[in-house]
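Take a look at the letters that make up each chain.
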Amino acid sequence: MDSQRGRSKDVTFSCSSNAEAKKTTNFFLDRASIPINLNFQDTMIWVTMFVLFGDDVRILSYPKADDEGFMYLMIISLVLFVLELLLYSWAKTTIIFEKPSTILGAIPVPFTVQGYLFDFYFWLDLMAVISMFPDIPPIANAIGLTSLGTGTNAAAYGKLGRIARMVRLVRLVKLYKVSSGRAQRKQREAELLELTKKGVITLEEYTEKLQQTDTNKQSKVGAELSDQLTRRVIAIVLIMLCVVPLLTVLEVQMGPEVATSYIQKLNKNGDTRNLRTAISSTMEQYSYYSPSTWVRKNKDCPDDDKNCDEEDSMKANFKSLVYLGVYPYNEFVCDGETTPFELPYNSLVDDGIVDKDYVAEASKTGVKSEREKDYYAWPAATDGYSVCDNNAELIRKLRPGEMDVFLFGDDSSGSSTLAIFSVKTQRQEDALYNVLTTVFVAIMLLLGAHTFSSDADKLVLEPIQSMMDLVEKVAEDPSREIVLDYSDDDNVNYETQLIESAIQKITSLLRVGFGVAGSEIIKENLNSSNDSDQPLDLVDSPGKLIYAAFGFCDIHEFDHLTDKLEVQIMDFVNDVATVVHEQVHTWAGQCNKNLGNSFLMTWRVPYAATGGQSNIDVTRLSAMRTIADKAMIGYVKVVADLNRDEKVMSYRKRQDLNLDGKPFKVHMGFGLHIGWGIEGPVGSLQKVDATYLSPHVNMAARLETASRQYGVPLLMSEIFFRCLSTKAKEQCRKLDRVSVKGSVQSIDIYTFDAYQDQQLPVRRATKDEEVKSNEYDPDYEGEDDIFNTDQDLIALKRHFTPELSELHTKGVGSYLRGNWQEANKYLQAVDDKLRETGYGGDGPSQTLIRYMGKRNFTPDEGWDEKKGRALTSK
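Residues numbered from 1 in each chain as written. Predicted model: local features only at pLDDT ≥ 70, side-chain atom pairs only at ≥ 80, totals over all residues. Heavy atoms only, no water.

**Q** Whenever I open this one, the overall build of the protein confuses me. Can you help?
**A** Each helix and strand counted, the protein has 30 helices and 19 strands in total. Within the protein, the fraction of its 874 residues that count as buried is 46%. For the protein, the computed accessible surface area is about 45,100 Å², with 54% contributed by carbon and sulfur atoms. (Helix = DSSP H or I, 4+ residues; strand = E, 2+ residues; numbered from the N terminus. Buried < 20%, exposed > 50% of the residue type's maximum accessible area, 1.4 Å probe, protein only. Areas by Shrake-Rupley, 256 points an atom, 1.4 Å probe, with all protein chains shown as cover.)

Written out as C-alpha cells, the structure reads:
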C-alpha cells in the first residue's frame, strides 16, 4: 500500500497546515502506537482477522444470546474500516490540479489523482466494507437482505456471503506489505542511528534520510512490478472464488419440504389413517437428539432390536424436526397423546421464525406466490392444532438461519400443516468449512503473490534494489568500504550482478580517489533524490568547517631517488605509501593527499561534536584524547614498518642508491598538528581535488620540515601535545619553543623518540593491530597499557632512558630561561651518553647546542623564554 503513495512534486494545496496534518496522519497510520505497542496497522490486522472469522466462530462456538455482542463488534469493525478508508484516501493521496485525467478509464475529471484514492486497493477496500453489510442485522434489514438468508435462498445466499467475505482477504496482502515495510524501516533506522553515533551523519541528516526512507522504500521499477504482480494474483484469485461456486451444483435436501407437503395433502383429504402413518414416519426419520448427533433407523433391523441403529454417514444433509402441527385438531393423527397448539403465531413472529408480512399476505390471498400454489396461509384460529412434536424452548435458542420453516395450507378446506426443522449442525459444519476455506485461500493468496514475484525479485528487482542500496550507502558514507558477497549466489555471472560489481568498483574508485575530504561531493552527486538530468556539481558546493588532527609526512632525499630509480620511482612511492596508508588507516586515520614524495593524513573530529562551529577549544573535546593518541601511535607505527617492511627494506640493498658513499635507507619526516580546516573541492569541471585548506595544514607541513633540523622522525605541536592522554604525554619530550611562519604565537614542539637503526620486532598481523586500535582506551590506567606492552613502541624508545629524559628536560628549561651555559652542560651530557652507548648522539640536543654555540652560549638581547626562537626553515 505504501508503494501507492503520491510522489509528485506538484503542490497539492497551498495551506501548510494541511500538509502538516497529512504528515501527522501518515505518522498515525504507519507508526503511531499506544503504550502496549499496538499501532494502527496492528489494530487493523486484528480487526481484519475478526471480520474474516468472527461470524463463523460465532456460529460454531457461541449461543444465540451472544449474537448481539458480535453484532456490536462487527459494527465497530465497520467503523474502523470506513475510518481507515477515509484516512488513507486523504493522507496517502496527492491531487494535482490543472492536469486532466480519467477515473476508471472512462470518467473525465479536471485533475489527476495519484496514490490511494481510486486506486486498485481503494476499490478492494471499498468492496470489503460493503461486504460487511449483510453481517450486521440493522444494516441488512434496512437494505432488504434479511429474507435472502432464509428458506430456499439460504444456500445461494451462503455462496454469495462466502464470496463477499473473500474480498476481505485482500486486506491481508495490503497489511502484510505494510508490516513488511515497517520491518524494513526499523532496519534502516538502526543503520542510520549507527552512522549518527559514529559521527558520519548529523542528527538533521538522520531525520532527513529517515523521511526519505518513508517516501522511497523500494526502487520505482521494483515497486511497480511488485504491485502489478500482486494485483494480477489478487484478480485471478477473486475471479476463481466468484466463478467456481457459480458453476457448482448445490445439493438441496428436499426431504423435509416434501414430507411436510405430503402430510398437508393427507390432512386436506381427511385421510386420518395414512396421515397418522406419515406423521409417525416423519417424526421417526427426522427425530431430534442433539445438535451434533443424528441417527437413522436401519430398515433391515428387527423392530425389537434397539441396538441395530446406525449413525448416518450423511448426517449433515439431514434436518431435525423440532416442531410439527396439523390443523384442524385431530386426536387420532399422533402416536400417543396429542396436545393443543403450544407455539402461538405471535411468538413465532416475535422471535423472527415466521415472517409476518409473508403470513399476512398469504392470509389475504391464500397463495404465497404464483409459482408455489401449494403454500397456503396460516389459519385464522390460533388453537385447535394437533401438535405431534414440539420443542418450544429449543426453537427459541435457534437462530433464524438455523431453522427451516415449512407452512402448507388449503383455503378450501381450511387445513394447514406447520413444520420447523433445525439445521444448526449443518450451519456449524458450513461455518467450519468457511473457516478452513478462508485460511486456505489466505495461504494460497500470499503464497501465490510470493511465488509469482519471487523469480522477478531474485533476478531483477533484488539486484536493482541492491544497486540502489549500494549507491545510497556510498552517498551516506563514502569512506565506508563496500564488499559484495556472492559466495552463496548461483547467479554470479548474470548481467545484473556484473553491473552491480561495476558499480561497486566505480564507487570504490571514487572513495579512493576523492578520499574523506571528497565525501560531501560524492554525497551530493550520488544522492538518489537528485533529478537524473541534473549536471554534476563538483565545485559549486560550499566548503565545510571541520576539526581534525592533520599529519604531514615526506620522503627524504626524494630528488636523488627520482634520478636513480627513473621509471621505478612509482613502485618505490607506492611501496612506501602502502606502509603509510595501512598503519594510518588501522589507527583510525585517512589519507587525503598523495603528493609524490609527501602525504597529507587526517584524523577527523566527528562533525556532531563541533557542529561546524569555529573557535572551539579542541582540548576540551572528549574525543580528542583518542584521536590524538591514535594519530601519534599510527605515525610511530609507520616509522617501525619503514625499518622492517620487506619491500621497503629491499631498497637498502641497491648499490646505485647509495648517497655520499653511505648505504641508502628510507627516512621520512612526520608533523602532527590539530586545528580547523575547510573541507571541500578545489579545481574545475576539468579536474577537481577534494582537500583541506587551513593554516593548520600548513603548520603540520612546517613541523615535518623542521623534523630534519632536530634529527627526529616526528614533531608535534603544543596544541596536539595538550590533546594527548596523560599516558601518551609521558612518552613525549619537549624539544624547543619556536615561532613558526604563519603562526601569531610561539609554540612548544615535542617528539616521540624513535631510534630506527635497529632490528625491530616482527610486525603484528593487520587484524590484530586493528583489534588493538578498536579497543584502545586513552583513559585506561593499568600497567599493561599499550605503551608498556606494545613491542614496537618499547623498542623504538628503548635508547632514551628516564635518566636521559630528566637531563634533557633540565637542559631545555635552562635554555629557555636564558642560562645557556647550564643548558649546554645538560644537553651535552645527553648527547655524549647516547654516543657512548652506540646510538650516534641526540639530534634535538645537538640542534640546540649548535644554535647556542653560534651565539657563544649567550642569549641575544631581548631573549624571551615565552617566545623562544624563530624556526629558520618553514
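**Q** How do you make sense of unusual backbone geometry when you look at a structure like this?
**A** Phi is mostly negative for residues that are not glycine, and the peptide bonds are mostly trans. Even without a glycine there, the phi angle at Ala588 is positive, about 70°. On the secondary structure map, Ala588 appears in the loop between α18 (569-586) and β12 (590-594). With relative accessibility at 39%, the residue Ala588 sits in the partly exposed group. Phi is positive for Phe857, which is not a glycine, with a value near 55°. Along the polypeptide, Phe857 turns up in the loop between α30 (843-853) and β19 (869-870).

**Q** What is the right way to look at the nonpolar core in this model?
**A** Nonpolar side chains in soluble globular proteins tend to end up buried together. Residues Phe572, Met632 and Phe720 are the most contacted members of the largest nonpolar core, which totals 61 residues. Per-element accounting of this core gives the leading share, 12 residues, to helix α20 (residues 624-642). Setting aside its immediate chain neighbours within four residues, Phe572 contacts Ile555, Leu561, Leu565, Tyr651 and Val666. Within the second largest apolar cluster, 39 residues are counted, among which are Leu29, Met74, Leu85 and Val435. (Core = buried A, V, L, I, M, F, W, Y, C linked by side-chain atoms within 4.5 Å. Contact = heavy atoms within 4.5 Å.)

**Q** What is the right way to look at a negative patch on the surface in this model?
**A** Taken together, the side chains of Glu557, Asp559, Asp563, Glu566 and Asp660 make up a negatively charged region of the molecular surface. Tracing the sequence through the fold places Glu566 in the loop between α17 (558-565) and α18. Since its relative accessible area comes to 58%, Glu566 is described here as exposed. (Patch = residues over 30% accessible without salt bridge, like charges linked within 9 Å, V, L, I, M, F, W, Y side chains within 5 Å. Salt bridge = Lys/Arg side-chain N within 4 Å of Asp/Glu carboxyl O. Lys, Arg positive; Asp, Glu negative; His and termini not counted. Charge placed at Lys NZ, Arg CZ, Asp CG, Glu CD.)

**Q** Can you walk me through the environment of Phe70 in this structure?
**A** By secondary structure assignment, the location of Phe70 is in helix α3 (residues 67-91). For Phe70, a relative accessible area of 14% gives the class buried. The sequence separation of Phe70 and Ile136 amounts to 66 residues, and the corresponding C-alpha distance is 9.1 Å. The residues contacting Phe70, other than those within four sequence positions of it, are Phe50, Gly54, Arg58 and Tyr62.

**Q** Sorry, what's going on with the packing of helix α9 (residues 255-269) against helix α10 (residues 272-285) here?
**A** Each pair of packed helices can be described by the angle between their axes along with the distance between the axes. Put simply, α9 and α10 touch, their axes get as near as 9 Å, and they point 160° apart. Between α9 and α10, the interaxial angle falls into the category roughly antiparallel. In terms of crossing hand, the pair formed by α9 and α10 is left-handed. Facing Ala259, Tyr262, Ile263, Leu266 and Asn267 of α9, the residues of α10 in contact are Asn274, Leu275, Ala278, Ile279 and Thr282. (Axes fitted to C-alpha atoms, helices over the stretch in contact; angles between N-to-C directions. Parallel < 35°, antiparallel > 145°, perpendicular 65-115°, else oblique. Left-handed = near helix turned anticlockwise from the far one by under 90°.)

**Q** Where do I start with the packing of aromatic side chains in this structure?
**A** Given two aromatic rings, one states the distance between the centres and the angle between the planes to describe the pair. Across all of its chains, the model carries 21 aromatic pairs by this definition. With a centroid separation of 5.5 Å and an interplanar angle of 80°, the aromatic rings of Phe120 and Tyr121 are classed as edge-to-face. Tyr121 sits in the buried class, given a relative accessible area of 1%. With centroids separated by 5.4 Å and ring planes inclined at 85°, the aromatic side chains of Tyr286 and Phe421 adopt a geometry described as edge-to-face. On the criterion of sequence distance, the pair formed by Tyr286 in the loop between α10 and β5 (295-297) and Phe421 in strand β10 (residues 416-422) is long-range, its members being 135 residues apart. With a relative accessible area of 2%, Tyr286 lands in the buried category. On the basis of relative accessible area, Phe421 is assigned to the buried category, the value being 0%. (Phe/Tyr/Trp six-rings, centres within 6.5 Å; stacked < 30°, edge-to-face > 60°.)

**Q** It is not clear to me how a nonpolar patch on the surface should be interpreted in this structure. Could you clarify?
**A** Taken together, the side chains of Val439, Phe440, Ile443, Met444 and Leu447 make up a nonpolar region of the molecular surface, amounting to roughly 450 Å² of accessible area. Assignment of secondary structure puts Leu447 in helix α14 (residues 424-476). The exposure class of Leu447 is partly exposed, given its relative accessible area of 45%.

**Q** Can you help me understand the pairing of strand β16 (residues 714-717) in this one?
**A** Along a regular strand, successive side chains alternate from one face of the sheet to the other. Here β16 shows no split at all, with Leu714 and Met716 on one side and Leu715 and Ser717 on the other all buried. In this structure, β16 lies alongside strand β18 (residues 747-751), joined through two bridges in antiparallel fashion. Bridge pairing in β18 places Met716 opposite Tyr750. (Pairing = 2+ DSSP bridges.)

**Q** Where do I start with the pattern of salt bridges in this structure?
**A** Side chains that carry opposite charge are capable of pairing whenever their charged atoms lie near each other. In total, this model carries 34 salt bridges according to the counting rule given. Linking Asp554 and Arg708 is a salt bridge whose minimum nitrogen-to-oxygen distance equals 2.4 Å. Of this pair, Asp554 sits in strand β11 (residues 544-555) while Arg708 sits in helix α22 (residues 695-710), and the two are 154 residues apart along the sequence. Taking relative accessible area as the criterion, Asp554 reaches 7% and is therefore assigned buried. With relative accessibility at 44%, the residue Arg708 sits in the partly exposed group. A salt bridge links Asp757 to Lys665; its shortest N-O distance comes to 2.9 Å. A residue pair is termed long-range when its members are at least 10 positions apart, and Asp757 in the loop between β18 and α25 (766-774) and Lys665 in the loop between α21 (646-650) and β14 (668-683) qualify at 92 residues. One network of salt bridges, in which partners are shared, links Glu582, Lys637, Asp641, Arg644, Arg763, Arg764, Glu769, Asp790 and Asp792.

**Q** Would you explain the pairing of strand β17 (residues 733-739) in this entry?
**A** The buried fraction of β17 amounts to five of the seven residues, a majority that puts the element mostly inside the structure. Note that β17 and β19 share two bridges and pair parallel. Bridged to Val738 within β19 is Arg869.

**Q** What exactly am I supposed to notice about α10 here?
**A** With 14 residues, α10 should reach 20 Å at 1.5 Å per residue; the first-to-last C-alpha distance of 20 Å fits that figure. When we look at burial in α10, the residues that qualify are Leu275, Ala278, Ile279 and Thr282. Projection of α10 onto a plane perpendicular to its axis shows the buried side chains occupying an angular sector of 100°, all on one side. (Expected span 1.5 Å × (residues − 1). Arc of directions from axis to C-beta.)

**Q** What am I meant to see in the side chain of Asp792 here?
**A** Position of Asp792 among the secondary structure elements: in helix α27 (residues 791-796). In this structure the side chain of Asp792 is engaged in a polar contact, spanning 2.6 Å, whose partner is the side chain of Arg644. For Asp792, the residues in contact, after removing those within four places along its chain, are Lys637, Ala640, Arg644 and Pro761. (Polar contact = N/O pair within 3.5 Å; in protein donor to acceptor, adjacent residues only side chain to side chain.)

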